[in-house]
Amino acid sequence: MGPVNGPAGVSVLPKISGAVHGGQQPVSGATIQLYAANMTTDQGASTPLLTTAVTTAADGTFTITGDYTCPVTNPPVYLVSTGGNPGLGGGTNNTDIVLTASLGLCNKLTSSTFVVINEFSTVGMAYLLAPFMLDATHVGSSPTNPGAMPFWFTSAASFNNDPFGITSAASVLALELNTFSNILAACVNTPGGSSGDGSACGKLLQSTGGTDTTTAAIKMTQSPANNASTLYGLITGTPPFQPYFSGVPSDFATSVGYAYPANLRAGTLDSSGRIWLYTGGWTYDTVLDKSTDVQGVITVYDNNFNQLFTVSAGTGGLYYPDSMASDSSGHVFAVNANNTISEFNSSGGAISPVGGWSTGVTTTFTGTGSGDEYQTSSQQAGPIKIDSAGNIWGKIQDPIGNCYFELNSSGTVITPASETACATLGAPIEGGGAPDGAGNAWAAGTLSIVKANSSGDVAATAPIAAGCFANTSVSGYGGTTSLYYDRVVGQVWGYSEIGAGVMSDGGISTFCDATPATIPTITPPSFAILTPGNPFTQNGLLINSAALDGAGNLWIATGGSFATGTATSLTTFSGTINFSAWLAEISPTGAVLSPYNAGTGIYGYQPTGVGTNASATVTGQTAFFIATPNTALLGIDNAGNIWATDTTTRRLLKIPGLATANAVNY
């Protein structure tokens, strides 16, 4: 039977089959239940749907045939396997085993649905749905919870048929999920135990605060640094999910930083060193297939991430902002989904009128649309930059006519009627340009890099230097990511994935650090045909974000990998992969200020909590990969603290003592 796409009241009875494994061992005698998630209450009780008891056979398999009905609300559904014998003698039943697997929306089930329920499916579901989960039988969301639960259920369903974990490509996320799965497996494949009794399950429950393997997975994925070394020590000598972390990652071994809020949509660091974060989400009607955005709030935190105050929706025209920016006078600006701009003073008071400042850019935003996702406008203004005169410069995404807009400090549109620079620039790419405060702004476009003057004409053009100011990528890497105007020295910085450089305000290149000689180890990975049996070595380290400090020095965050081993085929190898993230510093004259050890190849700073220092042993691994950078810079405050996010541990990092206090480069 195919999927039933109709709504309400239609009985859906396709067969669901699958198998329950503890690692690679079948779990027999486990109880299987199909649950519907709660669509009315946050972490509310789920509804069991099966009318007949289902248990797993000796080989761990099970079949559900015709004994459930999809509720009229078409909720997300999932399977839970409880107890069972993971292959131990004497009919042992491990009551600590509670494993889960998401199936997505109920009306998407088909008779071809086959599910492997194991530690990996449990960790994958917990990783994406933990905010909605109290335990395996309490998964729910209120209709107004900003973060549509069905979206994450559908995403989590992709983890169901991976009996060996993620083996096709090593990444930090894949290694993290496999590692958590191996920790659970250490408990699942035992007779069980009680918290604190010294058994593998007892240690798992005690170290996580969980009551079974599902609640342990929830707590591990939400707080990966909690008792990380103890939990890692539970992994058996031959763990079932490969590859995995061969040691505890550096940012799992520390709890520095601050947990940042869920549903984060935009944020900025103001000139007083405070953090402004906008959170908002969406609801989803599973029957009508309709998403509706939910208005959120801006929350302002002090320099130690203590909450100071909030700015509610509607204040100064605040309306589903897409990006935020700040100026040197303590003001913060939000670019709204309806292409207006809201401006606030340092206390959160509105400077802009009730409807916000108009940018003059036509909007098509409604906040409601088909599909389970956050809505965005097809003609979006921003991001923006504010110059030293208080003028607001902004990019127009997918421009029709003008390619940028400009407002003066009073919120009046002063965009020139005819921007002749647009023909030379092409569509502006990343970032909101680099205004100089004298009525000009630099921007990188698809055709060129130019400075537009107050009349919208070309005032200067920049040289094309691959890796620093290239307007297009070179072999897939090196296209300009962003431009910054350094108000201390009066020059323009540009950085890409593989380099950073400076040009004068007249467009004359000063330097471009884009080679290993000037920025050691910043090298894009490359693909080569291997010779089986030959040694294999590959390294790749890319820049993913940057920020200027008060001395005009550019700080960059990098992420990369280094692999070594032996080629096993024309495209695979076996050996070791190391992942890392670093901070580096370059002066306005091109001096590399970061430490570099030529003997070890280690370059840059790595304060506690920055990035994942991790490694894995792999077999038959695809030989082309890069590390997804998990440390991103937010900015440098007026005390010289560097602020960054670590997406692996979902924390906001405050790094003191490295940068020069910043009062102007915002």
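Structure: see above.
Treat the numbers as computed from the prediction; the structure is a model and nothing was measured.

Thresholds applied
Residues numbered from 1 in each chain as written. Predicted model: local features only at pLDDT ≥ 70, side-chain atom pairs only at ≥ 80, totals over all residues. Heavy atoms only, no water. Pairing = 2+ DSSP bridges. Helix = DSSP H or I, 4+ residues; strand = E, 2+ residues; numbered from the N terminus. Axes fitted to C-alpha atoms, helices over the stretch in contact; angles between N-to-C directions. Salt bridge = Lys/Arg side-chain N within 4 Å of Asp/Glu carboxyl O. Buried < 20%, exposed > 50% of the residue type's maximum accessible area, 1.4 Å probe, protein only. 1 Å grid on protein atoms, 1.4 Å probe; cavity = no way out; pocket = protein on both sides within 12 Å on 5 of 7 lines; lining within 4 Å. Points joined across faces, edges and corners; volume = space filled by probe spheres on them. Phe/Tyr/Trp six-rings, centres within 6.5 Å; stacked < 30°, edge-to-face > 60°. Lys NZ or Arg CZ within 6 Å of the ring centre and 35° of its normal. Disulfide = S-S within 2.5 Å.

Topic: the sheet that holds strand β29 (residues 482-486)
Next, step 1: Spatial ordering of the open sheet is given by β29-β30-β31-β32, a layout of 4 strands whose pairing is antiparallel. With partners counted over all chains shown, the strands left at the sheet margins are β29 and β32 (509-513), one partner each. Strand after strand, the sheet turns through a mean of 15° between neighbouring axes, direction not considered.
Next, step 2: In the sheet, β29 pairs with strand β30 (residues 491-495) via 5 bridges, with the strands oriented antiparallel. Paired with Asp486 across the two strands is Gln491, which belongs to β30.

Concerning the pattern of salt bridges
Next, step 1: One pass over the structure, following the stated rule, counts 2 salt bridges.
Next, step 2: Here Arg274 makes a salt bridge to Asp270, at a shortest N to O gap of 3.2 Å.
Next, step 3: A relative accessible area of 15% places Arg274 in the buried class.
Next, step 4: The buried category is assigned to Asp270, whose relative accessible area is 0%.
Next, step 5: A salt bridge links Asp505 to Lys451; its shortest N-O distance comes to 3.5 Å. You can see Asp505 sitting in the loop between β31 (500-504) and β32 and its partner Lys451 sitting in strand β27 (residues 449-452), a full 54 residues away along the chain.
Next, step 6: Looking at Asp505, the relative accessible area reads 23%, which means it is partly exposed.

Observations concerning the layout of surface pockets
Next, step 1: The space that makes up the largest pocket amounts to roughly 1300 Å³.
Next, step 2: Every residue lining the largest pocket is counted, 48 residues in all, and those nearest its centre are Gly267, Met324, Tyr484, Leu633 and Leu634.
Next, step 3: Looking at the lining of the largest pocket, the elements with two or more residues in it are β13 (264-269), β17 (323-326), β22 (381-386), β25 (434-435), β29, β33 (535-548) and β39 (631-636).
Next, step 4: The biggest single contributor to the lining of the largest pocket is β13, with 6 residues.

Comments concerning empty space enclosed by the protein
Next, step 1: Per the counting criterion, the structure on display carries 5 cavities of 30 Å³ or more.
Next, step 2: In this model, the second largest cavity occupies a volume close to 80 Å³.
Next, step 3: In terms of lining, the second largest cavity is formed by 14 residues, of which the most central are Phe180, Ile183, Pro224, Ala228 and Phe252.
Next, step 4: Contributing elements (two or more residues each) for the lining of the second largest cavity: α3 (172-188) and α6 (228-232).

Quick word on the packing of aromatic side chains
Next, step 1: Taken as a whole, this structure holds 21 aromatic pairs when the rule is applied.
Next, step 2: When the ring of Phe151 is compared with that of Trp282, the centres are 5.6 Å apart and the planes differ by 80°; the resulting orientation is edge-to-face. With Phe151 in helix α2 (residues 149-156) and Trp282 in strand β14 (residues 275-285), the pair connects residues that are 131 residues apart, well separated along the chain.
Next, step 3: Phe151 sits in the partly exposed class, given a relative accessible area of 27%.
Next, step 4: A relative accessible area of 5% places Trp282 in the buried class.
Next, step 5: Joined through ring pairs, the aromatic side chains of Phe151, Trp152, Trp282 and Tyr374 make up one cluster.
Next, step 6: Here the basic side chain of Arg265 rests over the ring of Tyr374, its NZ or CZ set 4.1 Å away from the ring centre.

Here we look at the state of the cysteines
Next, step 1: Applying the stated criterion across every chain yields a total of 3 disulfides.
Next, step 2: Shown here is the disulfide that connects Cys70 with Cys106, its sulfur atoms set 1.8 Å apart. Residues Cys70 and Cys106 share a disulfide whose torsion about the S-S bond is about -85°; that sign makes it left-handed. Highlighted residues: Cys70 in the loop between β6 (61-64) and β7 (76-82) and Cys106 in the loop between β8 (98-105) and β9 (114-117), separated in sequence by 36 residues. We note that Cys70, like Cys106, is buried.
Next, step 3: Across the disulfide, Cys403 is cross-linked to Cys422 (sulfur-sulfur distance 2.2 Å). The sign of the S-S torsion, about -90°, decides the handedness of the disulfide formed by Cys403 and Cys422: left-handed. Note that Cys403 is positioned in the loop between β23 (392-396) and β24 (404-407) and Cys422 in helix α7 (residues 421-425), a separation of 19 residues in sequence.
Next, step 4: Using a relative accessible area of 2% as the deciding quantity, one classes Cys403 as buried.
Next, step 5: Residue Cys422 is classed as buried on the basis of its relative accessible area, which comes to 12%.

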